[in-house]
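Descriptive analysis of the structure
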Amino acid sequence: MSRKTKRNIHCSFKATEEEMDIIQKKMKAFGITNQSAFIRVMMLNGYVLKLDLPELHQIVRLMGSMSNNINQIARKLHEGGSIYETEIDEIKENQNELRTILNGILQRLERLSV
């Protein structure tokens, strides 16, 4: 039995034109085209949260770069070689950049919860 056939109770409500405009604008902002689905989500969950966090791509890139650097350092050390201080400095810079980006994301999320 599909989800659609399980929903056999019809609910309806009345809205003003202004309220309907707001509903449609919110649906568009969240990329939701099915009004029934939107209203159901809002009623069941109380809110819809769409996170726009393009910084996550940069975080993933930085973490990949750091992992690669750490693996190269570990390989050199296992082979009995030495590492350059600049290699460690690059990892520290990436860590600081990650910390700054993540703190910015956390601050934005905290403002959403107020």
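Residues numbered from 1 in each chain as written. Predicted model: local features only at pLDDT ≥ 70, side-chain atom pairs only at ≥ 80, totals over all residues. Heavy atoms only, no water.

1. Here we look at helix H4 (residues 55-78)
How we decide: A helix here means a DSSP run of H or I that spans at least four residues, while a strand means a run of E at least two residues long, and both kinds are numbered starting from the N terminus. By this rule, a helix spans an expected 1.5 Å times one less than how many residues it contains. The buried label applies to any residue whose accessible area, calculated with a 1.4 Å probe on protein chains only, is under 20% of its type's maximum; exposed applies above 50%, and partly exposed to all values in between. Note on definitions: a residue-residue contact is assigned when non-hydrogen atoms from the two residues lie within 4.5 Å.
Between the first and last C-alpha of H4 there are 35 Å, a value that for 24 residues agrees with the 34 Å anticipated at 1.5 Å per step. Listed in full, the buried residues belonging to H4 are Ile59, Leu62, Met66, Asn69 and Ile73. Elements in contact with the buried residues of H4: helix H5 (85-112). Downstream of H4 by one or two residues, glycine 80 has phi in the positive range, about 85 degrees.

2. Things to note about a nonpolar patch on the surface
Applicable threshold: Excluding any residue in a salt bridge, patches collect residues exceeding 30% relative accessible area, merging like charges within 9 Å and nonpolar Val, Leu, Ile, Met, Phe, Trp and Tyr side chains within 5 Å. Method for areas: the Shrake-Rupley scheme with a 1.4 Å probe, in which residue coverage is limited to the protein chains shown. When a carboxyl oxygen of Asp or Glu is within 4 Å of a side-chain nitrogen of Lys or Arg, the pair counts as a salt bridge.
A contiguous nonpolar surface patch, about 600 Å² in accessible area, is contributed by Tyr47, Leu49, Leu51, Leu106, Leu109 and Leu112. Here leucine 112 lies in helix H5. You can call leucine 112 exposed: its relative accessible area is 52%.

3. So, the pattern of salt bridges
Between side chains of opposite charge, pairing is possible as soon as their charged atoms come close. Applying the stated rule across the entire model yields two salt bridges. One salt bridge connects glutamate 55 with arginine 108, and the closest N-O pair in it is separated by 2.5 Å. Of this pair, glutamate 55 sits in helix H4 while arginine 108 sits in helix H5, placing them 53 residues apart in sequence. According to the relative accessible area criterion, arginine 108 is partly exposed, its value standing at 29%. Among the salt bridges present, the one from glutamate 87 reaches lysine 76, with a minimum N-O distance of 2.6 Å.

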